[in-house]
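Geometric and topological summary
Next come the chains, spelled out residue by residue.
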Amino acid sequence: MSSESSKKRKPKVIRSDGAPAEGKRNRSDTEQEGKYYSEEAEVDLRDPGRDYELYKYTCQELQRLMAEIQDLKSRGGKDAAVEIEDRRILSCVHFMTLKKLNRLAHIRLKKGRDQTHEAKQKVDAYHLQLQNLLYEVMHLQKEITKCLEFKSKHEEIDLVSVEEFYEEAPPDISKAEITMGDPHQQTLARLDWELEQRKRLAEKYRESLSNKEKILKEIEVKKEYLSSLQPRLNSIMQASLPVQEYLFMPFDQAHKQYETARHLPPPLYVLFVQATAYGQACDKTLSVAIEGSVEEAKALFKPHEESQDDESDSDAEEEQTTKRRRPTLGVQLDDKRKEMLKRHPLSVMLDLKCKDDSVLHLTFYYLMNLNIMTVKARVTTATELITPISAGDLLSPDSVLSCLYPGDHGKKTPNPANQYQFDKVGILTLRDYVLDLGHPYLWVQKLGGLHFPKEQPQQTVIADHSLSSSHMETTMKLLKTRVQSRLALHKQFASLEHGIVPVTSDCHYLFPAKVVSRLVKWVTIAHEDYVDLHFTKEIVEAGLAGDTNLYYMALVERGTAKLQAAVVLNPGYSSIPPIFQLCLNWKGEKTNSNDDNIRAMEGEVNVCYKELCGPRPGHQLLTNQLQRLCVLLDVYLETEIHDDSVEGPKEFPQEKMCLRLFRGPSRMKPFKYNHPQGFFSHR
């Protein structure tokens, strides 16, 4: 039966030759095209709901027919093939119906998309037109705003009043019959009168200049006459100098200094007197001098009436030359700030000489309106120094005297009353002006006899000689120590940048004869970079990493092991030791948080620093700490247990003599060096 059904299903192919076949194909093509277009037109006539119901009905009929065909095939029988063929024909009819419904659905979808696209294009066109209109509206609004805010140049000119204009202006300019009722013509007439007045003033100005030139010529003639007397007076003064030198009595120089000192303000006068006395009694190399313009200092103490008359005359002249010109608010504030931060014309200069012929030049200033003293520092050496890159901030004027006393960074004013003065003129802090004015350190105020109590502020602070004398000797010693320590660091950094750790002969006994680890890098880092390091968090959280400190990074290597050391250098070095934080990169990253031996190495450098100070004043502390760090890295690597499974010699053979390699459950290594015997032991 299956063979008969397969025979019945075979399509019959009619082969024909010649033109009639093409005619048949052409007719079938035209019929298909007509059918396609008829279906496209039929979409508009058919109801989509009914087509959907027809689709569901057709699917149900197909399911029913398929079930019946399956049932007939399963039962078998003589008449089953005929019934199956009938149901197959009905199924094909339903399939043709589904295909037609599918074509209709695709045609509806295409038409819907086309309609949507057309509507979207219309919306886009309307939106573009709307945007163009909005842009035109915005442009017109801007133009209207510009027109409303337009200001003519004549509005900046301060014209005379209308009443004064009609009183003083001639009739040919004022034209009262025309300008009284027309504001525009009135403004033009006033501008014409202003131009006429300025022309007259310019003519007067030229006449005044010619008179001034005549007077200047007369003054030059009189100056030449007076200058002819100066050489004679100088010859008389020079003739007396050999007598003064022979008798060791430099009266002339001392007299000039004391005559100039009479014009110093009280704090600078106290400093001058006490520094001169200290130099004569304790330090013959201390040089004290007064710099500045004596004439300007004398002008500050003129009688008030004379100065007031001079100011009134100068104001009258300024009013004539710059008539009706008013300064802006910003210019007024700048003038007030300059006046408030004004320094006294005279200053006191101290030259402090050290043992190595280096000189610390200190220039002390007095801010008259703030009633505080400031200082500028500069260091000169007998021989020219080669400045290493990492020593850039050691001798800079901004930081060489920072924290001479603990916490005295000189960035804010010591006078509490100054903050109220700053608020009036818009100054936030004195930190922005210290480079020009100098640093107002607390020890500078004390050398000038100034004391500003915070608990009970005084209205007027008087310079006290006893306060200055009590701090003079201590401060001078600290200044010398600071310069010597900075110069020692300057020389050491030059060697460290080349990978050489300079160890003096007095300190050789602190280290073993052979040190394999070596310093390969020494660079300066910023405070922000130090804070960002992951192994320096303990120092930062403890508050030991202030912005006044100096920060450096050292790299010590031996073989594949690299030891990073972040160094905090306090401005008070060497009385305050540097602080080292370590990170070892070898078989992983090891810090004090995950390796007790790294913590012990930090303790050897940071806690036991007194063993490394060397001879006084201890300027070799930093280099001795770095050399000790190289020794500690050797001990750490040489005492590591060798893995027997790895063939070949040890990477770091033991060369240091140790009494005991490990101690305790934490397996601590022997880091203490016993210099007389030359072996390492535990602490």
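Residues numbered from 1 in each chain as written. Predicted model: local features only at pLDDT ≥ 70, side-chain atom pairs only at ≥ 80, totals over all residues. Heavy atoms only, no water.

An unreviewed UniProt entry lists the protein chain under the name THO complex 5, with Pipistrellus nathusii as the source organism. The protein chain has a UniProt comment under Subcellular location (unreviewed entry) that states "Nucleus". Per UniProt, the protein chain carries the Sequence similarities (unreviewed entry) text "Belongs to the THOC5 family." (UniProt positions renumbered as here; feature names shortened; annotations may be inferred.)

Time to look at the nonpolar core. Counting 50 residues, the largest nonpolar core has L360, L362, F364, L401, W443 and L479 as its most contacted members. Broken down by secondary-structure element, the contributors of at least two residues to this core are α11 (266-281), β2 (346-353), β3 (359-367), β4 (372-380), α15 (418-425), α17 (442-447) and α18 (465-496). For this core, the leading source of residues is α11, giving 6 residues. What L479 contacts, discounting residues up to four positions off in sequence, is L352, L360, L362, L401, L404 and W443. Membership of the second largest hydrophobic core comes to 46 residues, among which are L496, C507, V605 and L621. (Core = buried A, V, L, I, M, F, W, Y, C linked by side-chain atoms within 4.5 Å. Buried < 20%, exposed > 50% of the residue type's maximum accessible area, 1.4 Å probe, protein only. Helix = DSSP H or I, 4+ residues; strand = E, 2+ residues; numbered from the N terminus. Contact = heavy atoms within 4.5 Å.)

Ordered in space as β5-β6-β7-β8-β9, the 5 strands form an open sheet in which the pairing is antiparallel. Looking along the sheet, the strands with just one partner apiece sit at the ends: β5 (518-525) and β9 (589-590). Together, β5, β6 (550-558) and β7 (561-569) form the strand contacts of α18, whose direction differs from that of β5 by roughly 125°. (Pairing = 2+ DSSP bridges. Axes fitted to C-alpha atoms, helices over the stretch in contact; angles between N-to-C directions.)

With that out of the way, let us pick up unusual backbone geometry. The residue after Y573, namely S574, is reached through a cis peptide bond having omega 10°. Although it is not a glycine, N371 adopts a positive phi angle of roughly 60°. By the secondary structure assignment, N371 is in the loop between β3 and β4. Overall, N371 belongs to the buried group, its relative accessible area being 18%. We note that C403 has phi near 55°; this positive angle belongs to a residue other than glycine. Take C403: it is sitting in the loop between β4 and α15.

Here helix α21 (residues 596-606) crosses helix α22 (residues 621-638) at 155°, and the two axes come no closer than 10 Å. In terms of their interaxial angle, α21 and α22 are classed as roughly antiparallel. The hand of the α21/α22 crossing is right-handed. For the pair α21 and α22, the contacting residues are N597, I598, M601, E604 and V605 in the first and Q625, R628, L629, L632, L633 and Y636 in the second. (Parallel < 35°, antiparallel > 145°, perpendicular 65-115°, else oblique. Left-handed = near helix turned anticlockwise from the far one by under 90°.)

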